[in-house]
Amino acid sequence: MSKVLIVYYSRSGNTEKMSELIEEGVKSEGLEVIRKRVEDTKVDELLSVDAVIMGSPDYYGTMAYELKKFLDESVKFHGKLDGKVGAAFSSSANIGGGNETAILDIINALLIHGMVVQGDPQGDHSGPVS
């Protein structure tokens, strides 16, 4: 069975709630899910899963420092995540709050790792936002 890691940062609880809904959706597809706050996640865990979904609130058009730090630490695995599936989600204070740019920043890091990211031609093209 494929294993999915959902790793997220949430200060107010909004991004955490999104992670719970995403977990439900992934489980409904019959996949094993590990959902963890970024501060409780070791970067080495990226090696033991088939897919990674990362979530963050939007701060000034990008991801939270805590998630960026995690991604920066993942540089030591450059090339070792090649071919794994990646995805991103984000929350912000309002509809024009920078969700899309925060998601794209996360996706950029996943793509540099060689991960596979699927867009969506309908709705939120780069990933779920709230």
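Keep in mind it's a predicted model, so treat the numbers as computed, not measured. (Residues numbered from 1 in each chain as written. Predicted model: local features only at pLDDT ≥ 70, side-chain atom pairs only at ≥ 80, totals over all residues. Heavy atoms only, no water.)

S.K.: Got a minute to help me understand unusual backbone geometry in this structure?
M.R.: With the exception of glycine, the majority of residues adopt a negative phi angle, and the majority of peptide bonds are in the trans configuration. The phi dihedral of Tyr60 falls on the positive side, at around 55°, and the residue is not glycine. By secondary structure assignment, the location of Tyr60 is in the loop between strand S3 (51-57) and helix H2 (65-73). The class of Tyr60 is exposed, set by a relative accessible area of 88%. (Helix = DSSP H or I, 4+ residues; strand = E, 2+ residues; numbered from the N terminus. Buried < 20%, exposed > 50% of the residue type's maximum accessible area, 1.4 Å probe, protein only.)

S.K.: Would you take a moment to explain the sheet that holds strand S1 (residues 3-8) for this structure?
M.R.: Pairing between the strands of a sheet comes from backbone hydrogen bonds, and it takes one of two forms, parallel or antiparallel. Strands sit in the order S2-S1-S3-S4-S5 across an open sheet of five strands; the sheet is parallel. Whereas interior strands pair on both sides, the edge strands pair on one side only; in this sheet they are strand S2 (32-37) and strand S5 (116-117). Alignment of S1 against S2, held across six bridges, turns out to be parallel. Residue pairing for S2: Val7 is matched across the bridge by Lys36. Across the sheet, H2 lies against S1 and S3, angled at about 145° from S3, the strand it touches most. Along the sheet, helix H3 (residues 99-112) makes contact with S3, strand S4 (85-91) and S5, crossing S4 at roughly 160°. (Pairing = 2+ DSSP bridges. Contact = heavy atoms within 4.5 Å. Axes fitted to C-alpha atoms, helices over the stretch in contact; angles between N-to-C directions.)

S.K.: What is the right way to look at the pattern of salt bridges in this model?
M.R.: Side-chain pairs of opposite charge can arise whenever the charged atoms involved come near each other. Taken as a whole and judged by the stated rule, the model has nine salt bridges. The partner of Glu16 in a salt bridge is Arg37, and the shortest N-O contact between them spans 3.8 Å. Of this pair, Glu16 sits in helix H1 (residues 14-27) while Arg37 is found in strand S2, placing the two residues 21 residues apart along the sequence. On the accessibility criterion, Glu16 (25% relative accessible area) is partly exposed. (Salt bridge = Lys/Arg side-chain N within 4 Å of Asp/Glu carboxyl O.)

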